[in-house]
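Here's the letter readout for the chains.
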Protein chains: 2
Amino acid sequence: MSVSSSNRSQKLLYLTDEQLLQGIELMFFAYKGFTSDPDRILEEFGYGRAHHRAIHFINRWSGLTVNDLIDILGVTKQSLNRVLRQLIEDQLVESRVGTEDKRQRNLYLTLAGEALEKELATAQQARVRKAFSEAGPEAVQGFREVLENMIDDGQTAHIMALRKEQAR
Amino acid sequence: MSVSSSNRSQKLLYLTDEQLLQGIELMFFAYKGFTSDPDRILEEFGYGRAHHRAIHFINRWSGLTVNDLIDILGVTKQSLNRVLRQLIEDQLVESRVGTEDKRQRNLYLTLAGEALEKELATAQQARVRKAFSEAGPEAVQGFREVLENMIDDGQTAHIMALRKEQAR
DNA sequence: TTGGAATGTCAACAAGGCTGACGTATTATA
DNA sequence: TATAATACGTCAGCCTTGTTGACATTCCAA
């Protein structure tokens, strides 16, 4: 435990402008590192970050609909469609007509799609694993708590909806 | 202290694929939230994230050179110049010929620039402060340790160089 | 049967990355 | 002192990825 102080201003030292500024820059630099490894791989395939995000969440929630993906990514259907069309043409993603609602399209990774997903995930996980293991389990727990509190409420709602869907 | 186990596999539970995957998605969603508030303000001014980043670091390292900023942001001079030109035209940033090396340009925020910087910082800090205070000081420390380990080594070198410069 | 939802697609545009090329001071060096 | 290298600005052109608006199709549900 830290050397605690009964002084309230002492207790809140971690919320000073300087601490917040450091946190803000940390987010900027860390996010750059976080995306750098997958970015290099994607470049070889002529893809961008948008493709990675689509592949990631299609893998995560296999069979999710186009609208699900739009909600998660927070982009327009036109923007997503451009990326999705490429991935389908390149046979990394399969789009199947919905069984219950035939207007919907359920998205799945093909074997080739899974292979690329794995390659991207491995690269990204390596960096996160390094960061986690060097910081230790307690630090990782703190990392999680802070980031969870930074997320917009609307975002988590979409994920909750998918959890329910998948539970069916 | 946590309920520790002598079993090594138990100790490394925080490094499972599932934990890493959660960490990766947390980074994605948290970064989206992190940028959302400044983005709304910037839109009113017809600026983008690139302008925010320039303004932030010119404020942080007042008088830094164009090359310093290029190194920090990790963009090309052409890309930065487009943004910088607007900010100088709009009188938010001032570019002064270097005193020692007249080839260099030292960058400063004008009063108007400082005003926008403050507005952006206040919005962004509010979210980070909320996340920090809800998570608590120990969690913030963990957040810092993990993110620091995610940053590329090259990045920190640029910051170190600026620290030295400013110490002069 | 009819309105609205889900999807796909076309067009046009903007931000913000990139490369390559060129010009101009200014400084460093051979 | 002549030459090379550096810092900066700018022009042109390209790419990715976001946006809005419009329109067609298919299908569900009231």
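One can find the structure itself at the top, above this paragraph.
Analysis parameters
- Residues numbered from 1 in each chain as written.
- Chains lettered and ligands numbered in written order.
- Predicted model: local features only at pLDDT ≥ 70, side-chain atom pairs only at ≥ 80, totals over all residues.
- Heavy atoms only, no water.
- Near = heavy atom within 4 Å.
- Polar contact = N/O pair within 3.5 Å; in protein donor to acceptor, adjacent residues only side chain to side chain.
- Helix = DSSP H or I, 4+ residues; strand = E, 2+ residues; numbered from the N terminus.
- Nonpolar A, V, L, I, M, F, W, Y, C, P; charged D, E, K, R; others polar.
- Contact = heavy atoms within 4.5 Å.
- Buried area = accessible area lost by both parts, 1.4 Å probe.
- Salt bridge = Lys/Arg side-chain N within 4 Å of Asp/Glu carboxyl O.
- Least-squares fit on C-alpha atoms with pLDDT ≥ 70 in both.
- Buried < 20%, exposed > 50% of the residue type's maximum accessible area, 1.4 Å probe, protein only.
- Phe/Tyr/Trp six-rings, centres within 6.5 Å; stacked < 30°, edge-to-face > 60°.
- Lys NZ or Arg CZ within 6 Å of the ring centre and 35° of its normal.

### Points about the protein's contact with DNA strand D
Here is step 1: In the region of DNA strand D, 26 residues are neighbours, and Gly48(A), Arg49(A), Arg53(A), Arg82(A) and Lys77(B) sit closest.
Here is step 2: The protein-proximal atoms of DNA strand D, defined as those within 4 Å of the protein, are 58% sugar or phosphate.
Here is step 3: Within the contact set of DNA strand D, a base oxygen lies 3.0 Å away from a side-chain nitrogen or oxygen of Gln78(A).
Here is step 4: The separation between a phosphate oxygen of DNA strand D and a polar main-chain atom of Asn67(B) is 2.9 Å.
Here is step 5: At the level of secondary structure, the elements contributing two or more residues to the surface near DNA strand D comprise α3 (49–60) and α5 (77–89) of chain A together with α4 (66–73) and α5 (77–89) of chain B.
Here is step 6: The residue inventory of the surface near DNA strand D, partitioned by class, reads 3 nonpolar, 12 polar and 11 charged.

### What about the interface of chain A and chain B?
Here is step 1: In this assembly, 58 residues from chain A lie in contact with 58 residues from chain B.
Here is step 2: Summing the contributions of chain A and of chain B, the shared interface buries around 6100 Å²; its carbon and sulfur component is 68%.
Here is step 3: When the area that chain A buries against chain B is broken down by residue, the three leading residues are Tyr14(A), Phe29(A) and Met150(A), summing to 11%.
Here is step 4: Where chain A touches chain B, the interface holds 8 salt bridges.
Here is step 5: Between the two partners, chain A and chain B, sit 14 residue pairs in polar contact (both at pLDDT 80 or more).
Here is step 6: The set of elements that each furnish at least two residues to the side of chain A that touches chain B consists of α2 (17–45), α3, α4 (66–73), α6 (111–135), α7 (137–148) and α8 (153–167) of chain A.
Here is step 7: In terms of residues, the side of chain A that touches chain B owes the most to one element, α2(A), which gives 19 residues.
Here is step 8: Residues that form the side of chain A that touches chain B fall into these classes: 28 nonpolar, 15 polar and 15 charged.

### Observations regarding the protein's contact with DNA strand C
Here is step 1: Not every one of the 25 residues close to DNA strand C is listed here, only the nearest: Lys77(A), Arg103(A), Gly48(B), Arg53(B) and Arg82(B).
Here is step 2: When atoms of DNA strand C within 4 Å of the protein are split into backbone and base, the sugar-phosphate part holds 56%.
Here is step 3: Between DNA strand C and the protein, one listed contact pairs a phosphate oxygen with a side-chain N or O atom of Asn81(A) at 3.5 Å.
Here is step 4: One of the side-chain N or O atoms of Arg103(A) is found 2.9 Å from a base nitrogen in DNA strand C.
Here is step 5: Elements with a contribution of two residues or more to the surface near DNA strand C: α4 and α5 of chain A together with α3 (49–60) and α5 of chain B.
Here is step 6: Looking at the surface near DNA strand C, its residues break down into 3 nonpolar, 11 polar and 11 charged.

### As for the relation of the copies chain A and chain B
Here is step 1: Turning chain A through 180 degrees and shifting it by 0.0 Å along the axis lays it on chain B, with an RMSD of 0.0 Å. The transformation relating the two chain copies, once decomposed into turn and shift, fits a two-fold axis. When each C-alpha of chain A is compared by its distance to the rotation axis, Phe143(A) comes out closest, at 1.8 Å.
Here is step 2: With an isologous cut-off of 70% or more, the 100% of interface residues of chain A that recur at the interface of chain B puts this contact in the isologous class.

### Some details on the environment of Arg82(A)
Residue and element names in this part refer to chain A.
Here is step 1: Along the polypeptide, Arg82 turns up in helix α5.
Here is step 2: Taking the relative accessible area as the measure of exposure, Arg82 reaches 51% and is therefore exposed.
Here is step 3: Sequence separation of Arg82 and Met27 is 55 residues, and the distance between their C-alpha atoms is 29 Å.

### Quick notes on the packing of aromatic side chains
Here is step 1: Counting across every chain of the model gives 13 aromatic pairs over all chains.
Here is step 2: Seen from their ring centres, Phe57(A) and Phe29(B) are 5.8 Å apart, and the 45 degrees between their planes marks the pair as tilted. A residue pair is termed interchain when its members come from two chains, as with Phe57(A) in helix α3 and Phe29(B) in helix α2 (residues 17–45). Considered together, Phe57(A) and Phe29(B) belong to a single accessibility category, that of buried residues.
Here is step 3: A centroid spacing of 5.4 Å and a plane angle of 70 degrees characterise the contact between Phe132(B) and Phe143(B), whose relative ring orientation is edge-to-face. Placement of the pair is Phe132(B) in helix α6 (residues 111–135) and Phe143(B) in helix α7 (residues 137–148), with a sequence separation of 11 residues.
Here is step 4: Chaining the aromatic ring pairs together yields one cluster made of Tyr31(A), Phe34(A), Tyr31(B) and Phe34(B).
Here is step 5: Taking the ring centre of Tyr108(A) as reference, the NZ or CZ of Arg96(A) above it sits at 3.9 Å.

On their own, these measurements won't tell you what the molecule is for.
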